[in-house]
Amino acid sequence: MEYNPQSIETKWQQYWDKNDCFEPEDNTKKEKKFILSMFPYPSGRIHMGHVRNYCLGDAFARHFRKENYNVLHPIGWDSFGMPAENAAIKNKLHPKKWTYENIDYMRKELTGLGLSFSKTREFATSDELYTKWEQEFIIKMYENDLLYRKSTTVNWCETCHTVLANEQVEDGCCWRCDNEVDQKDMPGYYVSITKYAQELLDDLDDLKEDWPSQVLTMQENWIGRSEGLEFEFELTTDSRYKLDKVFRGFNVFTTRPDTIYGVSYAALAPEHPIVQYLVDHLILPENTINKIKAMQRVSERDRATQDKEGLSLEIDVIHPLTGEKVAVWVANFVLASYGGGAVMAVPAHDQRDFEFAKEYDLPIKQVIVKDEVIENMTEAYTEPGTLIDSGTFSGLKNSQAKKAVVYHFTQNSIGKKQINFKLRDWGVSRQRYWGAPIPFVHCNDCGLVAEKTENLPITLPEDVEITGEGNPLDTHPTWKHCACPKCGQDALRETDTLDTFVQSSWYFLRYATNPEKWEEMGISKEDSDYWMDVDQYIGGIEHAILHLLYSRFFTKALNSLGYTESKEPFKRLLTQGMVLKDGAKMSKSKGNVVDPDKIVQKYGADTARLFMMFAAPPTKELEWNDSAVEGSFKFLRRFSNKAEEVQGAGLKDINSIVHSELSKDEKEARKKVHEALKKANDVFNKTYAFNTLIAASMEAINALSTQKNKAVWAEGYYILSNILEPIAPHLCWELSETLFDKSNFDKPLEVNEEVFVLDSISLAVTINGKKRCEIEVSPDASKEDILVLAKQTAAKWIEDKNIIKEIVVPNKLVNLVIKG
């Protein structure tokens with residue numbers, strides 16, 4: 001059969017569209033599979049990363065449909081965000097127009113790849129209906145103390161005119177525009193993700209079998225649970241008066257209570273209230289104040305990579321056990337967001353504290369030893385040991401002392417056992433236009449008031465001009481002016497919009513809701529309870545922390561609010577590798593971009609899909625290779641052309657095959673075909689190694705080509721056009737229709753185990769480890785029979801030699817060790 005990909009692909013894409021082939025069934029009694037690839041931002045054109053991501057998801061969806069599952073495989077658009085505003089400034093287009101025109105274009109591109117998405121469940125997160133239900137969830141979270149407003153120091157991108165979460169600051173720069181980020185104090189809305197910190201950590205255990213260990217570790221480290229002691233350092237009398245008696249002291253948290261007697265200084269974060277008071281009231285020298293302000297301008301993430309820096313605050317605290325004075329410093333390594341922004345420093349037993357103490361010539365007191373005190377320490381001693389110079393705790397192993405010290409502080413009401421997390425509450429306020437408005441109103445009499453649900457959605461005004469200066473919602477002449485939902489008085493609408501990660505944190509639950517219910521509810525609990533959790537999720541490793549953690553939190557929060565029974569959104573996770581060219585990530589600036597449209601036009605969508613699945617395992621980086629693309633096309637052309645061998649044979653001939661009566665080549669061909677079928681089952685359910693499935697299919701075609709039995713050819717194509725359909729669907733549908741009237745897609749195929757029963761096996765015969773010949777024996781031949789045949793076949797190499805050892809490795813080889 002001549003291979004004309006453009007003709008075949010147009011035919012089947014029209015057929016699938018006309019017959020709604022990929023819509024999920026409204027049948028909750030049927031076993032389901034929810035297959036989801038991370039939805040794209042509508043930037044204007046798809047790239048090869050998109051192609052790889054969606055071809056992987058599509059392969060799963062198509063496979064499980066043929067396995068008789070009820071499959072939900074949707075697509076949508078993560079369509080709010082700064083790029084639309086930047087494009088509006090550059091092209092003098094409204095962000096909405098730019099966004100939806102891009103969606104229309106990219107939808108056609110995805111359709112051209114033959115992707116089997118549900119048409120009825122497509123939406124964009126900038127759709128007003130999606131915003132309506134998202135705003136309802138935000139209000140419910142506020143009413144249930146899962147969202148609050150407060151002023152705090154934030155990461156501010158002046159270029160984007162918006163606040164960034166810590167995770168969105170990369171090397172001191174905005175993750176979107178790559179410009180420098182400043183620290184700024186301003187009010188904002190925060191989601192209480194920390195209330196779920198322990199649950200988010202504990203439930204990682206349930207994902208260990210089906211999520212990459214790298215992702216689990218990244219999430220575990222980001223949540224950052226630690227147990228320790230919290231106590232108060234009281235300020236000395238002089239220091240309290242210096243601070244106008246505003247502060248009594250400050251709390252510190254330590255995971256090393258066993259080192260309490262080794263404290264030689266305390267350190268505060270640059271943003272700590274005591275530090276800020278000293279700065280604001282000019283209590284410190286001007287030079288010191290300027291240096292502290294410089295520290296405050298650097299994000300926490302950037303400070304972590306800087307050299308240790310600090311300044312004496314010229315105040316002291318009292319050691320809670322010894323009563324000694326402890327000097328207080330400000331240090332750039334102390335995080336305001338962790339442990340209260342204050343630490344007890346034990347340089348003898350913490351390397352960071354040690355380096356700081358050495359830099360500023362601060363005391364170093366060793367209180368844990370292995371054998372004896374280390375003179376002139378060159379690094380902190382962090383190994384286990386015994387306490388010395390530690391009052392009543394001296395002589396204890398430090399592992400015992402940890403519990404003993406915590407017990408002492410608790411019993412004497414001077415401290416308590418404490419569990420802390422590195423995870424911070426999620427700041428969701430953004431000062432931009434193209435986002436979901438936060439549904440609150442500011443009233444002079446009532447304060448912060450949630451909008452009435454019957455007034456939702458709060459939609460964006462379209463009569464705005466995006467200039468890049470300030471927030472258009474704040475400068476709009478009328479939009480923010482409204483009536484208070486509570487008292488009716490004049491009020492101001494909130495002009496911040498939601499972080500776009502909010503939209504991508506529940507979109508899968510929207511997909512799980514029947515579109516017929518979209519007008520009346522955001523999430524159908526009934527539908528969600530059937531479809532959730534997502535059975536297979538596919539996306540890039542770069543989303544390991546932000547998107548996946550936020551989605552896990554949102555699912556748990558919506559579960560708490562009664563919207564779903566699901567507590568974890570994604571059962572199985574596949575993180576696909578990047579597509580590279582010339583060893584680098586594809587980018588316009590590098591000039592190494594490959595246009596998917598041009599590949600499809602030249603070779604067809606099936607070739608693009610096959611190459612993406614064959615060139616590398618899905619979790620590894622894929623290096624673009626033009627000759628390998630050509631090779632993929634040639635394989636599909638051969639697969640198409642060889643179908644002529646099946647002409648005149650059909651199901652009746654397949655069912656009449658008597659394996660025992662076949663020739664050796666015919667048996668080998670059947671074995672290779674069924675090996676490919678067995679491989680397909682492993683790939684889709686266990687290994688994800690699509691490249692091995694394609695390789696097995698190529699081997700099967702080669703084996704079929706060594707024989708002429710039309711029934712064996714027919715069986716081969718009956719199976720191969722089925723298992724390759726998820727990868728090269730257009731050609732496989734064409735072959736299935738032409739050869740079998742699509743009957744091979746009707747039910748799951750079963751591996752025929754009889755083809756693996758061998759009539760004989762080949763064994764290599766080696767003499768002193770060097771291969772000399774081969775013998776063919778029955779699979780159940782005895783060791784004695786094998787050795788007799790081996791000696792006969794290798795007679796010329798062992799003639800007049802003494803055989804001193806005979807080794808038979810079952811199913812592999814015979815080795816004869818000779819001498820003389």
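For the structure itself, consult the block above.
Per chain, the residues get numbers from 1 upward, laid out in the order the sequence is written. Only residues with pLDDT of 70 or above have their local features reported here, since the model is predicted, and side-chain atom pairs are shown and tallied only from 80 upward, although totals for entire chains, interfaces and linings are computed over all residues. For the side-chain quantities, the full set of heavy atoms in the structure was used; hydrogens and water were omitted.

Peer 1: Provide a residue-level description of the nonpolar core, including the pertinent values.
Peer 2: Throughout this description, the term nonpolar core refers to a set of buried Ala, Val, Leu, Ile, Met, Phe, Trp, Tyr and Cys residues connected via side-chain atoms within 4.5 Å. Categorising residues by exposure relies on relative accessible area from a 1.4 Å probe, with only protein chains included: less than 20% of the type maximum marks a residue as buried, more than 50% marks it as exposed, and the intermediate range marks it as partly exposed. In terms of nonpolar packing, the biggest core is built from 92 residues, with M48, F60, W624, F639, F690 and Y717 touching the most fellow members. In terms of nonpolar packing, the next biggest core, distinct from the first, is built from 78 residues, L147, V428, A557 and L558 among them.

Peer 1: If you had to explain helix α26 (residues 729-740) to someone new, which residues and values would you point to?
Peer 2: Helix numbering and strand numbering both begin at the N terminus, where a helix is a DSSP run of H or I of at least 4 residues and a strand a DSSP run of E of at least 2. Any helix carries an expected span of 1.5 Å times its number of residues minus one. The terminal C-alpha atoms of α26 lie 15 Å apart, and with 12 residues this matches the ideal 16 Å at 1.5 Å per residue to within 8%. The buried fraction of α26 amounts to 10 of the 12 residues, a majority that puts the element mostly inside the structure. Regarding α26, the residues found buried are P729, H730, L731, C732, W733, E734, L735, S736, L739 and F740. The criterion used for residue contact is that any of the two residues' heavy atoms lie within 4.5 Å. On its buried face, α26 sits against α1 (5-18), α2 (48-66), α20 (605-614), α21 (626-641), α22 (651-655) and α25 (710-723). The positive-phi residue at the C-terminal boundary of α26 is D741, with phi of around 55°.

Peer 1: A description of the pattern of salt bridges should follow, citing residues and the corresponding values.
Peer 2: The salt bridge definition used is simple: a Lys or Arg side-chain nitrogen within 4 Å of an Asp or Glu carboxyl oxygen. Evaluated as defined, the whole model comprises 54 salt bridges. Its salt-bridge partner being K480, residue D474 comes within 3.2 Å of it at the nearest N-O pair. What makes K480 buried here is its relative accessible area of 17%. Two residues, E668 and K671, come together in a salt bridge whose shortest N-O distance is 3.9 Å. With E668 and K671 both in helix α23 (residues 664-687) and three residues apart, the pair spans about one turn of that helix. Given a relative accessible area of 33%, E668 falls into the partly exposed group.

Peer 1: How would you sum up the side chain of T766? Please name residues and give values.
Peer 2: Of note, T766 is situated in strand β29 (residues 761-767). For the purposes of these results, a polar contact is taken to be a pair of N or O atoms within 3.5 Å, where, inside protein, one atom must be able to donate a hydrogen and its partner to accept one; residues adjacent in sequence count only when each atom of the pair is a side-chain atom. Only 2.7 Å separates the side chain of T766 from the side chain of N815, close enough to count as a polar contact. Setting aside anything within four residues of it in sequence, one finds T766 in contact with K771, R772, L813, V814, N815 and L816.

Peer 1: If you had to explain unusual backbone geometry to someone new, which residues and values would you point to?
Peer 2: Residue P457 is reached from L456 by a cis peptide bond, and omega for that bond is 5°. Within the secondary structure, P457 sits in the loop between β20 (447-450) and α14 (472-475). In this chain, M532 is followed by D533 through a cis amide linkage whose omega measures 5°. Here D533 shows up in the loop between α17 (525-531) and β24 (534-540).

Peer 1: Give me the lowdown on the sheet that holds strand β25 (residues 570-576), citing residues and values where you can.
Peer 2: Reading across the sheet, the four strands line up as β2-β1-β24-β25 and stay open at both edges, with parallel pairing between neighbours. Every other strand in the sheet has two partners, leaving β2 (70-72) and β25 as the edge strands with one partner each. The average angle at which neighbouring strand axes cross in this sheet is 20°, direction not considered. Strand pairing follows a simple DSSP-based rule, namely that at least 2 bridges must link the two strands. Judged from the three bridges that link them, strand β1 (residues 32-37) and β24 form a sheet pairing that is parallel. Note that in β24 the partner of L36 across the bridge is Y537. All axes are obtained by fitting lines to C-alpha atoms, using only the stretch in contact for helices, and the reported angles, taken between N-to-C directions, cover 0 to 180 degrees.

Peer 1: Before we move on, could you go through the state of the cysteines and cite the residues and values that matter?
Peer 2: In this description, a disulfide is simply a cysteine sulfur pair whose atoms lie within 2.5 Å. Under the criterion given, the structure shown has zero disulfides. A disulfide-free cysteine, C21 has its sulfur positioned 15 Å from the sulfur of C732, the nearest such atom. Take C21: its relative accessible area is 25%, and that puts it in the partly exposed class. Considering cysteine sulfurs only, C732 is the nearest to C55, which forms no disulfide, with 14 Å between them.

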